[in-house]
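Working through the structure, step by step
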Amino acid sequence: MSLDWSILYWIQSHTICDLFDLLMPKLTRLGSGGAVWLLAAGGLLCTKKYRRQGVILLAGLAVGVLVGNMCLKNLIARSRPCWLDDSVFMLISVPTDYSFPSGHMLASAIGATVLTKTNRRFGWAAIPLAAIIAFSRLYLFVHFPSDILAGGAGRSHRGSGASFRYGPTAKRRSSPRQLSRFSAPVSYTHLTLPTNRE
């Protein structure tokens, strides 16, 4: 916990500025309830090519809420830093649920993982966005760094743990013509050829 507090106070001492004060509350709202990732899942569902990945993303987010927000938070019951130290000025309303793990980070990690595995180009936007949302939770003094790490670690079980074919690289079933190229050669040695009669 001492390292958690050291990182949080370092952020408060070295990164606080008017621009971040303006941006961070808006950026953190993108992860509230997994909003931006639900929007991404909706976009995937609207396309025939990536519809299956959209379903998987929705399922991953649902499992994340069930396991992270409903089970682990209440089971571990860790207080938030803003509950323990009320000297830091709050730019957003103080959350009423427990701190560990970070639901914002859990949803972001699942979303970024599924989108990146669906198409690497999606990851170019998803991964930096997930990182920004994670930092916003620290900047706003509502999570400890270990909450963020735990939320990110959860993706290995819910985001990348799902087994599916990703986007355009999915393997297609071979056609009979393709299969015939690899068929074993037919042996004709057992056949008896007719001889010419005089």
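Just so we're clear, the structure is a prediction, and the values are computed from it rather than from any experiment. (Residues numbered from 1 in each chain as written. Predicted model: local features only at pLDDT ≥ 70, side-chain atom pairs only at ≥ 80, totals over all residues. Heavy atoms only, no water.)

1. Here we look at the nonpolar core
Heads up, the rule is: Buried Ala, Val, Leu, Ile, Met, Phe, Trp, Tyr and Cys residues form a nonpolar core when they are joined through side-chain atoms within 4.5 Å. The buried label applies to any residue whose accessible area, calculated with a 1.4 Å probe on protein chains only, is under 20% of its type's maximum; exposed applies above 50%, and partly exposed to all values in between. Strands are runs of DSSP state E lasting at least 2 residues, helices are runs of H or I lasting at least 4, and numbering of each runs from the N terminus. The contact criterion used throughout is that any non-hydrogen atoms of two residues lie within 4.5 Å.
By size, the foremost hydrophobic cluster in this structure holds 17 residues, and its most contacted members are Leu8 and Phe141. Listed by contribution, the elements that provide at least two residues to this core are α1 (2-14), α6 (103-118) and α7 (120-139). Among residues more than four places away in sequence, those in contact with phenylalanine 141 are Trp5, Leu8, Tyr9, Gln12, Pro81, Cys82, Asp85, Val88 and Met90. Core analysis: the next-biggest nonpolar cluster, separate from the first, contains 16 residues, Val36, Ala41, Leu106 and Val114 among them.

2. Structural notes on unusual backbone geometry
Omega for the peptide link from phenylalanine 100 to proline 101 comes to -5°, which places this bond in the cis form. Along the chain, proline 101 turns up in the loop between α5 (81-84) and α6. Phi at alanine 77 takes a positive value of approximately 55°, unusual for a residue other than glycine. With relative accessibility at 33%, the residue alanine 77 sits in the partly exposed group. Even without being glycine, phenylalanine 141 reaches a positive phi, approximately 65°. Overall, the relative accessible area of 0% leaves phenylalanine 141 in the buried class.

3. With respect to the side chain of threonine 28
Within the fold, threonine 28 resides in helix α2 (residues 18-29). Judged by relative accessible area, threonine 28 falls into the buried class, the value being 3%. Residue contacts for threonine 28: discarding those within four places in its chain leaves His104, Ser136, Arg137 and Leu140.

4. Brief notes about the confidence of the model for the protein chain
Selection criterion: pLDDT gives the predictor's per-residue confidence on a scale running from 0 to 100.
The predicted model of the protein chain has a mean per-residue pLDDT of 83, with 77% of residues at 70 or higher. The low-confidence segment residues 156-184 (pLDDT under 50) makes 36 contacts with residues lying over four places distant or belonging to another chain. The low-confidence segment residues 186-191 (pLDDT under 50) makes zero contacts with residues lying over four places distant or belonging to another chain.

5. Brief notes about helix α3 (residues 35-45)
The condition that has to hold: By construction, the arc corresponds to the directions joining the helix axis to the C-beta atoms.
Of all the positions in α3, only Val36, Trp37, Ala41 and Leu44 are classed as buried. Each buried residue of α3 lies within a common arc of 145° when the element is viewed along its axis, so the set occupies one face. Where α3 is buried, its residues contact α4 (51-76), α6 and α7.

6. Some words on α1
Our working definition: By this rule the span expected of a helix is its residue count minus one, scaled by 1.5 Å.
Compared with the 18 Å implied by 1.5 Å per residue over 13 residues, the 18 Å span of α1 between its first and last C-alpha is a close match. All of the buried residues along α1 are Asp4, Trp5, Leu8, Ile11 and Gln12. All buried residues of α1 fall inside an arc of 125° around its axis, so they share one side. Of the residues in α1, the exposed ones pointing more than 90 degrees away from the buried face are Ser2, Leu3, Ser13 and His14. For α1, the elements touching its buried residues are α5, α7 and α8 (145-153).

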